[in-house]
Amino acid sequence: MPGSTLPPFPNDVRTHPLLIIDYELIKAGDVEEVNRLWEAATTIGFWYLKNHGADKEVSDMFDMGAETMALPLEERMKFEQGDSGQSFGYKKAGANAIDATGALDAVEFINVSKDDALAYPQVVHRTYPSTVNARMENTIAPFARKGLEVTYVVLNIFNDKLGLPKGTLERLHDMEEHSGSETRCIRSPPVQVKETTKDAVLGAHTDFGSLSFLHNRLGGLQVLPPGHDEWSYIRPIPGHAVCNVGDALSLFSGGILQSNIHRVVPPPGVQAEYERWSLVFFTRPGNPKVLRALVESSHIIAEAVKKQPDRNFETGSTAADWFARRVKYQRIGNRTGPESWAASRGTEHTPTAA
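Residues numbered from 1 in each chain as written. Predicted model: local features only at pLDDT ≥ 70, side-chain atom pairs only at ≥ 80, totals over all residues. Heavy atoms only, no water.

For the rest of this paragraph, the subject is the overall build of the chain. Looking only at helices and strands, the chain has 12 helices and 14 strands in total. C-alpha extents for the chain along the principal axes are approximately 55 × 45 × 45 Å. The 354 residues of the chain split such that 56% are buried. Relative to all contacts within the chain whose residues are 6 or more apart in sequence, the contacts with residues 24 or more apart total 78%. With an accessible surface of roughly 14800 Å², the chain has 53% of that area assigned to carbon and sulfur atoms. When the 37 basic and 44 acidic side-chain charges of the chain are each reduced to a single mean position, those positions are 1 Å apart. (Helix = DSSP H or I, 4+ residues; strand = E, 2+ residues; numbered from the N terminus. Buried < 20%, exposed > 50% of the residue type's maximum accessible area, 1.4 Å probe, protein only. Contact = heavy atoms within 4.5 Å. Areas by Shrake-Rupley, 256 points an atom, 1.4 Å probe, with all protein chains shown as cover. Lys, Arg positive; Asp, Glu negative; His and termini not counted. Charge placed at Lys NZ, Arg CZ, Asp CG, Glu CD.)

In structure tokens form, the structure reads like this:
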């Protein structure tokens, strides 16, 4: 269960340090803290966020996840996301590939659309299990709003640092516009066999959208920092979120903001014997927004693109299409071979690195 007493993260595994950013300070415009956030976002693309004020919403969301996963599988499957490329709904364990070989994932999760949560009881995209509906207004919508609040503070800082006209990034993520933004509560089963503790439960990937606001109670998240060839754990710190940049912000910024590759493996040490729960709010651009470098709006971005002639910052894809493609071709039901995995990749994919 999400709220049970858990063993500490071990000290004998490789970890990668992240900067700890104080949300209250960046919200207040503290110059030093803003510069530290910018450093994190433009180097590894990951950072811890403290004083985010979401502890109650996070705890309630973990309870919602536990209530939902306690429903009979037959009931959960009525709300399965399916193979069409829709993310919202329930995803059973083993529904997605985790690599080009077609190996199956081990996680199940419940995704709730930001649009559905904020419009409830109106249905925008789809319906959800009874356990979700019971908490839509008092748990899920408050967590989504908190995630959006954090996102807009961060986006406005990035907007200024990139030399964009005021409000540019916020308009690309208008709260009123339908988008792929969603809450996700994830359950990973305990590891039964010691030999499998190094196997990924969620394959190496970059995030699909703009910003991720992640809450973990056990280890398992690993990053592959730029210039490194070995994976390192991110140590979970109680009360601290882990935030990271996704593909869309990296593209908008001409690669200045780093959408870094990461994966989930079983927790290290004795933590592997416990269920692993995690919770994310993913902010994604409005569905019709085109993913491309904003070169006309910022000379800083234009210069960055000029220095990377080998990278394609003109995807020709809307945010909705980018997201649906990535979701659809991870689904094992859509797999035809290694090319399906390649079709599901984002900014981490190159023709030579499927």
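Resuming the write-up.
The subject of this paragraph is the side chain of serine 317. Topologically, serine 317 is positioned in strand E14 (residues 314–318). A polar contact of 3.2 Å, which involves the side chain of serine 317, links it to the backbone nitrogen of tryptophan 322. Among residues more than four places away in sequence, those in contact with serine 317 are Lys289, Val290, Leu291 and Trp322. (Polar contact = N/O pair within 3.5 Å; in protein donor to acceptor, adjacent residues only side chain to side chain.)

For the rest of this paragraph, the subject is the nonpolar core. Within the largest apolar cluster, 63 residues are counted, with the highest numbers of intra-cluster contacts made by Ile26, Trp47, Leu49, Phe158, Leu169 and Phe213. Per element, the largest residue contribution to this core is 12 residues, and it comes from helix H7 (residues 136–161). Within the second largest apolar cluster, 14 residues are counted, among which are Tyr48, Leu221, Val280 and Phe282. (Core = buried A, V, L, I, M, F, W, Y, C linked by side-chain atoms within 4.5 Å.)

This paragraph deals with the confidence of the model for the chain. Overall, the prediction assigns the chain a mean pLDDT of 92, with 94% of residues at 70 or greater. Counting interchain partners and residues more than four positions distant, the pLDDT-below-50 stretch residues 350–354 has three contacts. (pLDDT = per-residue confidence, 0-100.)

Our focus in this paragraph is helix H2 (residues 31–43). With 13 residues, H2 ought to run about 18 Å at 1.5 Å a step, and its terminal C-alpha atoms sit 18 Å apart, in line with that. Residues of H2 that are buried: Glu33, Val34, Leu37, Trp38, Ala40 and Ala41. What you see down the axis of H2 is that its buried residues fit within an arc of 165°, all on one side. Opposite the buried face of H2, by more than 90 degrees, sit the exposed residues Val31 and Glu32. Each element contacted by the buried residues of H2 is listed here: strand E1 (20–22), helix H1 (23–27), strand E2 (46–50), H7 and strand E10 (241–245). Taking the backbone nitrogen of glutamate 32 as reference, a side-chain oxygen 3.3 Å away marks aspartate 30 as the first, capping residue of H2. A positive phi of about 80° marks glycine 45, the residue just after H2. (Expected span 1.5 Å × (residues − 1). Arc of directions from axis to C-beta.)

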